[in-house]
Amino acid sequence: MSETYVTLKIREALTAAQGNRAQAQRVLMSWALEDDQLLRGLCRPFLKAIAGSAIERVARVGSVPAPRPSATGSRAPAPGKGGRALTPQMLDAIISRMGGGQPAPAPQSMRDVLRRPAAAADTPGQDDDPRQAESLKALAAAFRDRR
């Protein structure tokens, strides 16, 4: 019986993690970020659901405006080109869309985020702007990818 490349890598991750499934999952995810063939093999059975979910998420929010070029003229990396981190200019743009003047210092850990006092409920624009949720999700994803 022939085993596929993905199955072999899964078995290898389980062996490397000494049978610990959670650790094997982390190992396999880190390998998938470096190995396109493994990533494609893992995602292939779920691609229809992933695409449908992405379309539903964007359609729910409404039309998304095209990103404006920053003052420095630098552009965001094209999707799939390895650029996963947000540039400081992108973070500033997100924060300015959220209504903040000067950006707060970037949190170094989740503990810093949790310690930050909550904004007052009567702050104008806090709950009125539907783009805020998307901006916060982008910030959370960038923070998660830094690890």
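Residues numbered from 1 in each chain as written. Predicted model: local features only at pLDDT ≥ 70, side-chain atom pairs only at ≥ 80, totals over all residues. Heavy atoms only, no water.

Student: Could you clarify how one ought to interpret the overall build of the protein chain in this entry?
Tutor: When its secondary structure is counted, the protein chain shows seven helices and zero strands. Tracing the protein chain from N to C terminus, the helices and strands come up as α-α-α-α-α-α-α. Counting only residues that meet the buried cut, the protein chain has 12% of its 147 residues in that class. Pairs at least 24 residues apart make up 48% of the contacts formed inside the protein chain by residues separated by at least 6 positions. Of the roughly 12200 Å² of accessible surface on the protein chain, a fraction of 57% belongs to carbon and sulfur atoms. (Helix = DSSP H or I, 4+ residues; strand = E, 2+ residues; numbered from the N terminus. Buried < 20%, exposed > 50% of the residue type's maximum accessible area, 1.4 Å probe, protein only. Contact = heavy atoms within 4.5 Å. Areas by Shrake-Rupley, 256 points an atom, 1.4 Å probe, with all protein chains shown as cover.)

Student: Please clarify how the pattern of salt bridges should be interpreted in this entry.
Tutor: As a working rule, side chains carrying opposite charge can pair if their charged atoms are close by. Inspection of every chain in the model, using the stated rule, returns one salt bridge. One salt bridge connects Lys 9 with Glu 12, and the closest N-O pair in it is separated by 3.7 Å. With a gap of three residues between them, Lys 9 and Glu 12 both fall in helix H1 (residues 5–16), about one helical turn apart. (Salt bridge = Lys/Arg side-chain N within 4 Å of Asp/Glu carboxyl O.)

Student: Please clarify how the packing of helix H2 (residues 21–34) against helix H3 (residues 36–43) should be interpreted in this entry.
Tutor: For any two helices packed against each other, one specifies the inter-axial angle together with the distance between the axes. Close contact between H2 and H3 brings their axes to 5 Å; oriented N to C, the two are set at 120°. Taken together, H2 and H3 sit at an angle that is classed as oblique. The crossing of H2 and H3 is left-handed. Across the interface between the two elements, Leu 28, Trp 31, Ala 32 and Glu 34 from H2 touch Asp 36, Leu 38, Leu 39 and Leu 42 from H3. Residue classes in the contact of H2 with H3 are distributed as six nonpolar, no polar and two charged. (Axes fitted to C-alpha atoms, helices over the stretch in contact; angles between N-to-C directions. Parallel < 35°, antiparallel > 145°, perpendicular 65-115°, else oblique. Left-handed = near helix turned anticlockwise from the far one by under 90°. Nonpolar A, V, L, I, M, F, W, Y, C, P; charged D, E, K, R; others polar.)

Student: Before we go on, may I ask you to explain the packing of H1 against H3 in this structure?
Tutor: Across the interface, H1 lies against H3 with an axial gap of 9 Å and an inter-helix angle of 100°. For the element pair H1 / H3, the angle class is roughly perpendicular. Where H1 approaches H3, its residues Tyr 5, Val 6, Lys 9 and Ile 10 are matched on the opposing element by Gln 37, Leu 38, Gly 41 and Leu 42. Residues that form the contact of H1 with H3 fall into these classes: five nonpolar, two polar and one charged.

Student: When you look at the packing of aromatic side chains in this model, what are you seeing that I'm missing?
Tutor: Aromatic rings in a pair are described by how distant their centres are and how their planes are angled relative to each other. Under the definition given, this model contains zero aromatic pairs. The aromatic ring of Trp 31 is capped on one face by Lys 9, whose charged end is 4.6 Å from the ring centroid. (Phe/Tyr/Trp six-rings, centres within 6.5 Å; stacked < 30°, edge-to-face > 60°. Lys NZ or Arg CZ within 6 Å of the ring centre and 35° of its normal.)

Student: I keep staring at a nonpolar patch on the surface and nothing clicks. Help me out?
Tutor: A grouping of Phe 46, Leu 47 and Ile 50 is seen on the molecular surface, where their side chains present a nonpolar patch of about 320 Å² in accessible area. Among the secondary structure elements, Ile 50 is positioned in helix H4 (residues 47–61). By relative accessible area, which is 44% here, Ile 50 ends up partly exposed. (Patch = residues over 30% accessible without salt bridge, like charges linked within 9 Å, V, L, I, M, F, W, Y side chains within 5 Å.)

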